[in-house]
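Residue strings, one per chain:
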Amino acid sequence: MTNYSVAIVGATGLVGTAVLSLLEERHFPVKNLYLVASQQSTSKVSHFRGEVHKIHDLANFDFSLTDFAFFCVNNQLASVYAPKAAQAGSIVIDKSSYFRYHPDMPLVVPEVNLEALASYRNTRIIANPNCNTIPLAVGLKPIYDAVGISRINVATYQSVSGTGKEAVTELMEQTKQLLTDKPVHPKIYPQQIAFNVLPHCDDFQENGYTREEMKIVWEMQKIFADSAIAINPTAVRVPVVCGHAAAVHIETKDKLTVKQALDLLSQAPGVKLITGAQPYATPLQDAAGKDLVYVGRVREDISHEKGLSMWIVADNLRKGAALNGIQIAECLIERFL
């Protein structure tokens, strides 16, 4: 098997560390590993396969040394350094939202639209979808293929790790402060997140939706190559450390019974169907630290003849980010390299 030189850009962040762990767990064919971050992180080290790896400064890193570069940084850094990495010959798999809506950049969920990878040579940059979009696309793919979907109404319940390390720290600190009767002073979020929920993820847009909500619209339509899907999202931040959940209500083009939906979902790649006395998964008990998309509470919508409702949960750092990117690289190796 051919081995590849790999860079993780943003290696000290939550998604970057998840990529590092998954590369080892999945026995990815790594020849040389380069952990890359900002200058203030260069004093840190990480471990991979029993070896110590130092952190390289992003500003000075030579991407010609790498075959794959997993970008786990913000839009600003991705916009500058991802094209440099691609021009140097690396295949960039980018987790930021910067390239997702560019018509020449494939936006890929391997279980859903693997064929989009065929165009990766045009730019050598592949966009990884949002941490909400990925589990929604995986969970709805078998139904979409079977009978079509005309409308999606979804409310997401998003953990603080989706915002980053500082948000996790803020939740922990606020919880301690509240339990010891100390004042709470929010920094990362506009209001207290501990023991609270905030229907405010990312910035509000002119249409009244947040950018996080509009990402679901733009990305689902692009991934399914179907701009006619009507999507109405609400994104809510909840005081959970890891794992995003979604209450999903869909209207299909043709009638699909619950039994038919369960049969489809039970065979869908990447999906774990939950049935029984407690027919649902939770972020804490099921999804955190796992790689599957959990689908449960599948039921007919009592308000719509062709409606179905379901509950979808996934680890936002793994399948919602790091794992999806690694699966993209694995598919490239298997089919295109």
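Here is a short report on the structure shown in this document.

In terms of helices and strands, the chain carries nine helices and 13 strands. For a compact globule of 337 residues, the expected C-alpha radius of gyration is about 20 Å, and the chain comes in at 20 Å, within 12% of that figure. Along the first, second and third principal axes, the C-alpha atoms of the chain reach 60 × 55 × 40 Å. Expressed as a percentage of the 337 residues in the chain, the buried residues total 53%. Summed over its atoms, the accessible surface of the chain is roughly 15200 Å², and 50% of this surface lies on carbon and sulfur atoms. Each charge class in the chain was averaged separately, 31 positive and 33 negative side chains, and the resulting centres sit 2 Å apart.

Turning next to helix H5 (residues 165–179). Think of an α-helix as 3.6 residues a turn; residues three or four steps apart then line up on the same face. For H5, with 15 residues, the first-to-last C-alpha span of 22 Å sits near the 21 Å given by 1.5 Å per residue. Taken together, the buried positions of H5 are occupied by Ala 167, Val 168, Glu 170, Leu 171 and Gln 174. For H5, the buried positions fall inside an angular range of 160° around the axis, keeping them on one side. Opposite its buried face, H5 presents the exposed residues Glu 166, Lys 176 and Leu 179, each directed more than 90 degrees away.

Covered by surrounding structure in strand E6 (residues 91–94) are Ile 91 and Ile 93 together with Val 92 and Asp 94, the residues of both alternating faces. Pairing between strand E5 (residues 68–71) and E6: four bridges, direction parallel. When the bridges of E6 are listed, Phe 71 appears paired with Asp 94. Note on the crossover from E5 through helix H2 (residues 75–87) to E6: the handedness is right-handed.

What the rule picks out here adds up to 11 aromatic pairs. Arranged with centres 5.8 Å apart and planes meeting at 25°, the rings of Phe 63 and Phe 71 form a pair that is stacked. Looking at Phe 63, the relative accessible area reads 4%, which means it is buried. By relative accessible area, which is 0% here, Phe 71 ends up buried.

Here Lys 215 lies in helix H6 (residues 211–223). Accessibility expressed as a relative area gives 9% for Lys 215, which makes it buried. In contact with Lys 215, other than residues within four places in its own chain, are Ser 97, Arg 100, Tyr 101, Asn 130, Thr 133, Asp 202 and Met 220.

One can describe the packing of helix H4 (residues 133–147) onto H6 by two numbers: an axis separation of 10 Å at closest approach and a directional angle of 45°. Taken together, H4 and H6 sit at an angle that is classed as oblique. The way H4 lies across H6 gives a crossing that is right-handed. Here Thr 133, Leu 136, Ala 137 and Leu 140 of H4 lie close against H6, whose contacting residues are Lys 215, Ile 216, Glu 219, Met 220 and Ile 223. Partitioned by chemical class, the residues of the contact of H4 with H6 number six nonpolar, one polar and two charged.

Moving on, we come to the state of the cysteines. As enumerated under the stated definition, the model contains zero disulfides in all. Note on Cys 72: no disulfide assigned, nearest cysteine sulfur contributed by Cys 131 at a separation of 13 Å. Classification of Cys 72 as buried rests on a relative accessible area of 18%. Summary of cysteine pairing: Cys 242 is not part of a disulfide, and the nearest cysteine sulfur, belonging to Cys 131, is at 10 Å. In this structure Cys 242 comes out as buried when scored by relative accessible area, which is 16%.

This part covers the packing of helix H1 (residues 14–25) against helix H9 (residues 318–335). When two helices pack together, their arrangement is given by the angle between the helix axes and by the axis-to-axis distance. The geometry of H1 relative to H9 is characterised by a closest axis approach of 9 Å and an angle of 50° between their N-to-C directions. Classified by the angle between their axes, H1 and H9 sit oblique to one another. Here the hand of the crossing between H1 and H9 comes out right-handed. When H1 is examined against H9, the residues Val 15, Ala 18, Val 19, Leu 22, Leu 23 and Glu 25 are found in contact with a partner set consisting of Arg 318, Ala 321, Ala 322, Leu 323 and Ile 326. Of the residues in the contact of H1 with H9, the class split is nine nonpolar, no polar and two charged.

Thresholds applied
- Residues numbered from 1 in each chain as written.
- Predicted model: local features only at pLDDT ≥ 70, side-chain atom pairs only at ≥ 80, totals over all residues.
- Heavy atoms only, no water.
- Helix = DSSP H or I, 4+ residues; strand = E, 2+ residues; numbered from the N terminus.
- Rg over C-alpha atoms; globule rule 2.2 N^0.38 Å.
- Buried < 20%, exposed > 50% of the residue type's maximum accessible area, 1.4 Å probe, protein only.
- Areas by Shrake-Rupley, 256 points an atom, 1.4 Å probe, with all protein chains shown as cover.
- Lys, Arg positive; Asp, Glu negative; His and termini not counted.
- Charge placed at Lys NZ, Arg CZ, Asp CG, Glu CD.
- Expected span 1.5 Å × (residues − 1).
- Arc of directions from axis to C-beta.
- Pairing = 2+ DSSP bridges.
- Right-handed = clockwise from strand over helix to strand, strands pointing away.
- Phe/Tyr/Trp six-rings, centres within 6.5 Å; stacked < 30°, edge-to-face > 60°.
- Contact = heavy atoms within 4.5 Å.
- Axes fitted to C-alpha atoms, helices over the stretch in contact; angles between N-to-C directions.
- Parallel < 35°, antiparallel > 145°, perpendicular 65-115°, else oblique.
- Left-handed = near helix turned anticlockwise from the far one by under 90°.
- Nonpolar A, V, L, I, M, F, W, Y, C, P; charged D, E, K, R; others polar.
- Disulfide = S-S within 2.5 Å.

None of the figures reported here should be taken as evidence of function without further support.
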